[in-house]
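# Residue-level structural notes
Listed here are the chains, written in short residue letters.
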Amino acid sequence: MGNDGKRIDLRGVRAKLDRANEHSLELQVAIGSVFDTDQEFFRTEVDSTGLRYKIYSTAIPTVDLRWSVIVGDLLTNLRAALDHLAYQLVILDDGKPHDHKTHFPILESAYNKQGTERLPVINPGIRRPDIQALIEEVQPYKRGEGNSAKQHQLWALNKLVNVDKHRLLLVVKVVLDEGNVYWGSTPEIGSPKVCLTRDPVVSNMHVATFDFPHTSPGPEFAPHVSLTARLDEGPQGNRIRTRPLIQLMAEVEYFVNVSVMDRFTPLFPLDTPGHP
């Protein structure tokens, strides 16, 4: 117990993390039911030389608004888990957390707008150096200032939760799954030069080109391209935009569960599953 009689444990944190995981599994099923099917979304055209293969989309699935809702709920539960953790850390530090002011800090920079160095603070403040050191370890700016910090999983979490909370639903687009493009070739023919679009894919759109330098691969050449879902949010080149949606959610969820929780859980020695 804390000095004001409040229980010190991580049950609330784990409950939020478990709920986030349920949303993650729900998202995988929802998106997989659309893209992981035998339906053909592309057609291939070969030019007269037999050296250039162009891939065009056919009928592209409609984005289900429910995907945005699931993502928003998943992220909100992850953010809430961090705030529950902050509340428990204050109690562990013999402090008195505020119901509406105690949050887990997520900072892009170790400096404020005036250029003054600052620390990530949990209101009303943490006195134990070991707790404060762990809070600093997981901050986005530890990866580097500016663009590097914006590639951090917690930066993405904070950014997307704020968008989902204060604006409309997060925007999801259908795109090529760049990590799932493959083709067969032989040493005699060589590998083609491949050009893929990174734009959102719509019906009847030129999405990929396979150029062979000298020898046509013949009718057996069957390039494989597939679709996935991605967020249309955040800065250009950011992981929010470049990762497939399911992969992005998995990366953020993993960071909170492992990189954050594995650091802080040992501070709660009595907090074991089944402990009264």
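Okay, so let's go over this structure. (Residues numbered from 1 in each chain as written. Predicted model: local features only at pLDDT ≥ 70, side-chain atom pairs only at ≥ 80, totals over all residues. Heavy atoms only, no water.)

### A few points about the sheet that holds strand β4 (residues 193-196)
Strand order in the open sheet formed by 4 strands is β1-β2-β5-β4, with antiparallel pairing between adjacent strands. Both outer strands of the open sheet, β1 (42-46) and β4, are each paired with one neighbouring strand and no more. Averaged over all neighbouring strand pairs, the angle between strand axes comes to 15 degrees, with direction disregarded. Sheet analysis places strand β2 (residues 52-57) next to strand β5 (residues 206-211), joined by 5 bridges and oriented antiparallel. When the bridges of β5 are listed, Ile-55 appears paired with Ala-208. (Pairing = 2+ DSSP bridges. Helix = DSSP H or I, 4+ residues; strand = E, 2+ residues; numbered from the N terminus. Axes fitted to C-alpha atoms, helices over the stretch in contact; angles between N-to-C directions.)

### So, the packing of aromatic side chains
Following the criterion strictly, the structure yields 7 aromatic pairs and no others. On the numbers, 6.1 Å between centres and 70 degrees between planes, the contact of Tyr-53 with Phe-212 is edge-to-face. One end of the pair, Tyr-53, is in strand β2; the other, Phe-212, is in the loop between β5 and β6 (227-231), with 159 residues separating them in the sequence. Taken together, the ring pairs in this structure connect Tyr-53, Trp-183, Phe-210, Phe-212 and Phe-221 into an aromatic cluster. (Phe/Tyr/Trp six-rings, centres within 6.5 Å; stacked < 30°, edge-to-face > 60°.)

### Description of the pattern of salt bridges
Tallied over the entire structure, the rule returns 14 salt bridges. Here Glu-251 and Arg-243 are joined by a salt bridge, their closest N and O atoms 2.9 Å apart. One network of salt bridges, with partners in common, ties together Glu-26, Asp-64 and Arg-66. (Salt bridge = Lys/Arg side-chain N within 4 Å of Asp/Glu carboxyl O.)

### Focus: helix α2 (residues 65-92)
Between its first and last C-alpha atoms α2 spans 41 Å; for 28 residues at 1.5 Å apiece the expected length is 40 Å, and the two agree. Burial runs high along α2: 22 of the 28 residues are buried. In this structure Asp-64 caps α2, since a side-chain oxygen of it lies 2.9 Å from the backbone nitrogen of Arg-66. Taken from the residues just after α2, Asp-94 is the one with a positive phi, measuring 60 degrees. (Expected span 1.5 Å × (residues − 1). Buried < 20%, exposed > 50% of the residue type's maximum accessible area, 1.4 Å probe, protein only. Polar contact = N/O pair within 3.5 Å; in protein donor to acceptor, adjacent residues only side chain to side chain.)

### A closer look at the environment of Ala-250
Topologically, Ala-250 is positioned in helix α6 (residues 245-264). With relative accessibility at 39%, the residue Ala-250 sits in the partly exposed group.

### Observations concerning the pairing of β2
Across 5 bridges, β1 lies against β2 in antiparallel orientation. Counted as the bridge partner of Thr-44 is Ile-55 from β2. In sequence, β1 turns back onto β2 through a hairpin of 5 residues, with Gly-50 there showing a positive phi of about 80 degrees.

### Details of unusual backbone geometry
Across the junction of Asn-123 and Pro-124, the peptide omega takes the value 10 degrees, indicating a cis bond. As for its placement among the helices and strands, Pro-124 is situated in the loop between α2 and α3 (129-137). Phi is positive for Asp-94, close to 60 degrees, though the residue is something other than glycine. With respect to the element layout, Asp-94 can be found in the loop between α2 and α3. One non-glycine residue, Asn-204, lies in the positive phi region at around 60 degrees. Note on Asn-204: relative accessible area 61%, which makes it exposed.

### Observations regarding helix α1 (residues 11-35)
For α1, with 25 residues, the first-to-last C-alpha span of 36 Å sits near the 36 Å given by 1.5 Å per residue. Those residues of α1 that fall on the buried side of the exposure criterion are Val-13, Leu-17, Ala-20, His-23, Ser-24, Leu-27, Ala-30, Ile-31, Gly-32 and Phe-35. Buried residues along α1 sit against α2, β3 (172-176), β6 and α6. (Contact = heavy atoms within 4.5 Å.)

### Focus: the packing of α2 against helix α4 (residues 153-166)
Packing of α2 against α4 leaves a shortest axis separation of 9 Å and a crossing angle of 120 degrees. Between α2 and α4, the angle falls in the class oblique. The two elements α2 and α4 cross, and the hand of that crossing is left-handed. Contacts between α2 and α4 involve Gly-72, Leu-75, Thr-76, Leu-78, Arg-79 and Leu-82 on the former and, on the latter, Leu-154, Leu-157, Asn-158, Leu-160, Val-161 and Asp-164. Residue classes in the contact of α2 with α4 are distributed as 7 nonpolar, 3 polar and 2 charged. (Parallel < 35°, antiparallel > 145°, perpendicular 65-115°, else oblique. Left-handed = near helix turned anticlockwise from the far one by under 90°. Nonpolar A, V, L, I, M, F, W, Y, C, P; charged D, E, K, R; others polar.)

### With respect to a nonpolar patch on the surface
Taken together, the side chains of Leu-65, Val-69 and Leu-169 define a hydrophobic patch exposed on the protein surface, amounting to about 250 Å² of accessible area. For Val-69, the location among the structural elements is in helix α2. The exposure class of Val-69 is partly exposed, given its relative accessible area of 37%. (Patch = residues over 30% accessible without salt bridge, like charges linked within 9 Å, V, L, I, M, F, W, Y side chains within 5 Å. Areas by Shrake-Rupley, 256 points an atom, 1.4 Å probe, with all protein chains shown as cover.)

### Observations concerning the side chain of Arg-241
Examined against the element boundaries, Arg-241 turns out to sit in helix α5 (residues 239-242). Polar side-chain contacts of Arg-241 include one of 3.3 Å to the backbone oxygen of Glu-233.

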